[in-house]
Amino acid sequence: MALFARTPRAPLEYSRTLWMRLWVGAVMVFLYAPLVVLMIFSFNDSKRNVVWRGFTTKYYEKALGNDQLVEALLNSLTIAALATIVSLALGAVAAVMLWRFRFPLKGAVDGTISLPIIVPEICMGVAFLMFFAAVDWPTDLVWPFNLGAITIAHITFCFPFVTMVVRSRLASFNREQEEAAKDLGASEWQVFRDVLIPHIRPALVAGALLSFTLSLDDFVITYFTSGPDTITFPVKVYSMVRFSVTPEVNAASTLLIILTVALTFIALKLQGVKAIAETH
Amino acid sequence: MAEQDWKTNRRVFAAVSLPTLFWIIVFFVVPMAIVWLYSFGENRGLTDIAISGTLDNYKRATEWLYVTIFGKSFAVAALVTLICLIVGFPVAMAITFASEKWRPWLLLGIMLPFWTNLLVRTYALMILLGSQGYANKGLGALWGGASWAKTLVGLEPLPTWEPVQLLFNNFAVVLGLVYVHLPFMVLPLYAALDRLDRSLIEASLDLGAGHFRTIMRIVVPLAAPGIVAGVMITLIPALGAYLTPDLMGGTDSQMIANVIERQFKKANDWPFGAALSFLLIYAMFILIALQSMRRKVPEVH
């Protein structure tokens, strides 16, 4: 796309007008400049994020040598993986329930399942803090069982998103396919496994990606459910930002950004850029 | 084949409904109910809370201090939503009318920050806005340029540039929230604009309306559901925002979520925190009810 159009602009080609391009360009700079600056400064040989003093990777060594930070990252990835698996199963099953059956109080059940999407994070965090205190949830278990409370909280706010994505995909399912499979002798389980699952596969991939990033991203709810021994990456970075700004945070953040970009590109390879765009 | 009655296939219904219902009740409804019950309780000691059915916590929430914080949170969230709408609408238009080749990449450009860690993004913005950061340097350079231009036409130069405080104030909170929530606004707007019947825009242009008039009279009314969705998706998390006001705000820029957090950490007043949480949830319900009312009105006519 040349900046100055060679062919005359059609009336609806708004994105080819100059001011529109400047606007989009400015928004992209606004969105990306802070991240790019952060990534550049993670290689800066200075204690402060101010002046460029030469290239170094020592803060990466420091970040990777920081046992607490590495442990926090490992915790975060474990929680995200567990929460994604359970959310996928739970979310898919809930979507099938709401799509296939008519039952008493369906409206109430449907509303309650989508509530965790709407309720503010802070209120969910408070609710889990009180809940785990009220049931005396054990806090001194060995890894990975000590991550149970956080994982449960994450599943609760992730699986409604999976349900939402899977349900909109199920709307395009032709129920005659199911009947045909049954006429040909398939059991309920076989229909589910061989007919329904392949149909909702794109939604499952999108839901898994969404759950994983939501879980990895979450700070507020985790902040209220984590104990002193169960620090996740965002909670650790928060305390580093809050109490002592070190370039290690830049390095650790850059690693996380790279992880996000890598995940996005894996999703792109699996789904194509259009399909990913359409899930939002 | 429409929806099946649950009685016709109890075994399958049990298999899909029991795990879902178990989870949503035990790990969502029960925790929420505990918060609700505690909001009618009072502190009887350091860790001892009695649920006595008192309304004192709600009464305390109507004190001027808390009313102003609620009001301020609403004002900040509304301002953030408005800025996101003004900034995001042209972007959504540009994506909608971009060529086939470019559209997915523009969308990806908006979505990638959406997937990046919120804390990392907030921290990145803080680096840029710091008193020695690039935002300040940029403003300083502009100031220097203006000063030079003034001397060029024979006027007194401007006084030397003093770095301005861009962080730890209300401005930083609004900017930070806009930064974080902009993708939330653009994506639903794009979804609505993409469904638009383009021949209507062409008709409007053919009949002599200008581009601006066409956008205001044709595009905006037709995209109204998407605009409302974008507004809600931005407004609700902005209202409950904790991280941005906490990290980027000053002492006077606390929002309601920060006050709630303090009741559970420093102030250790769980019943009052529970009452504030539920007031925030009620506020969300009111917003959503208003939205669904708005949606139903045109159908009446």
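Residues numbered from 1 in each chain as written. Chains lettered and ligands numbered in written order. Predicted model: local features only at pLDDT ≥ 70, side-chain atom pairs only at ≥ 80, totals over all residues.

**Topic: the overall build of chain A**
Within chain A, the secondary structure is distributed over 12 helices and one strand. Within chain A, residue pairs in contact and separated by at least 24 positions form 77% of the contacts whose partners lie at least 6 positions apart. (Helix = DSSP H or I, 4+ residues; strand = E, 2+ residues; numbered from the N terminus. Contact = placed C-beta atoms within 7 Å.)

**Considerations on the packing of helix H5 (residues 121–134) of chain A against helix H1 (residues 10–38) of chain B**
Look at H5(A) against H1(B): their axes get within 8 Å of each other, and the N-to-C directions meet at 90 degrees. By the angle class used here, H5(A) and H1(B) are roughly perpendicular. For the pair formed by H5(A) and H1(B), the contact residues are Val126(A), Ala127(A), Phe128(A), Met130(A), Phe131(A) and Ala134(A) on the first element and Val30(B), Pro31(B), Met32(B), Ile34(B), Val35(B) and Tyr38(B) on the second. Tallied by class, residues from the contact of H5(A) with H1(B) come to 12 nonpolar, no polar and no charged. (Axes fitted to C-alpha atoms, helices over the stretch in contact; angles between N-to-C directions. Parallel < 35°, antiparallel > 145°, perpendicular 65-115°, else oblique. Nonpolar A, V, L, I, M, F, W, Y, C, P; charged D, E, K, R; others polar.)

**A few points about the nonpolar core**
In terms of nonpolar packing, the biggest core is built from 155 residues, with Val126(A) and Ala127(A) touching the most fellow members. For Val126(A), the contacting residues outside a window of four places in its chain are Phe224(A), Val35(B), Ile260(B), Phe264(B), Gly273(B), Ala274(B) and Ser277(B). (Core = buried A, V, L, I, M, F, W, Y, C linked by C-beta atoms within 7 Å. Buried ≥ 20, exposed ≤ 12 C-beta atoms within 10 Å, placed from the backbone.)

**Some remarks on unusual backbone geometry**
Positive phi is not limited to glycine here, since Leu105(A) has a value of about 65 degrees. Along the polypeptide, Leu105(A) turns up in the loop between strand S1 (101–102) and helix H4 (106–118). Of note, the phi angle at Asn268(B) is positive, near 50 degrees, even though the residue is not glycine. Mapped onto the secondary structure, Asn268(B) falls in the loop between helix H12 (256–264) and helix H13 (270–300).

**Comments concerning the interface of chain B and chain A**
Chain B puts 76 residues into the contact, and the matching count from chain A is 70 residues. For the side of chain B that touches chain A, the element with the most residues is H1(B), which contributes 17 residues. Residues of the side of chain B that touches chain A, tallied by class, amount to 58 nonpolar, 12 polar and six charged. Judged from the two bridges that link them, S1(A) and strand S1 (residues 4–5) of chain B form a sheet pairing that is parallel. Each residue of the ladder has a partner; that of Arg102(A), found in S1(B), is Asp5(B). (Pairing = 2+ DSSP bridges.)

**Observations regarding H12(B)**
Taken across its nine residues, H12(B) has seven buried, putting it largely inside the fold. Residues Ile256(B), Ala257(B), Val259(B), Ile260(B), Glu261(B), Gln263(B) and Phe264(B) constitute the buried set of H12(B).

**Remarks on the environment of Thr56(A)**
Residue and element names in this part refer to chain A. With respect to the helices and strands, the residue threonine 56 is situated in the loop between helix H1 (18–41) and helix H2 (58–65). Exposure remark for threonine 56: the 14 C-beta atoms within 10 Å place this residue in the partly exposed category. Distance in space between the C-alpha atoms of threonine 56 and methionine 28 is 28 Å, their sequence separation being 28 residues. Dropping the residues within four chain positions of it, threonine 56 is found in contact with Phe43 and Asp45.

**So, the packing of H1(A) against helix H3 (residues 64–96) of chain B**
Their axes nearest at 9 Å, the elements H1(A) and H3(B) cross at an angle of 115 degrees. The crossing of H1(A) and H3(B) is left-handed. Residues Met20(A), Trp23(A), Val24(A) and Val27(A) of H1(A) touch H3(B), and the partners they reach there are Val87(B), Pro90(B), Val91(B) and Ala94(B). For the contact of H1(A) with H3(B), the class distribution of residues is eight nonpolar, no polar and no charged. (Left-handed = near helix turned anticlockwise from the far one by under 90°.)

**Details of the confidence of the model for chain B**
Residues and elements named next belong to chain B. Here chain B averages 86 in pLDDT, while 96% of its residues score no lower than 70. Within chain B, the lowest mean pLDDT, 77, falls on helix H6 (residues 134–152), and the highest, 93, falls on H3. Interface confidence in the predicted complex, given as ipTM, is 0.85; pTM for the same model is 0.87. (pLDDT = per-residue confidence, 0-100.)

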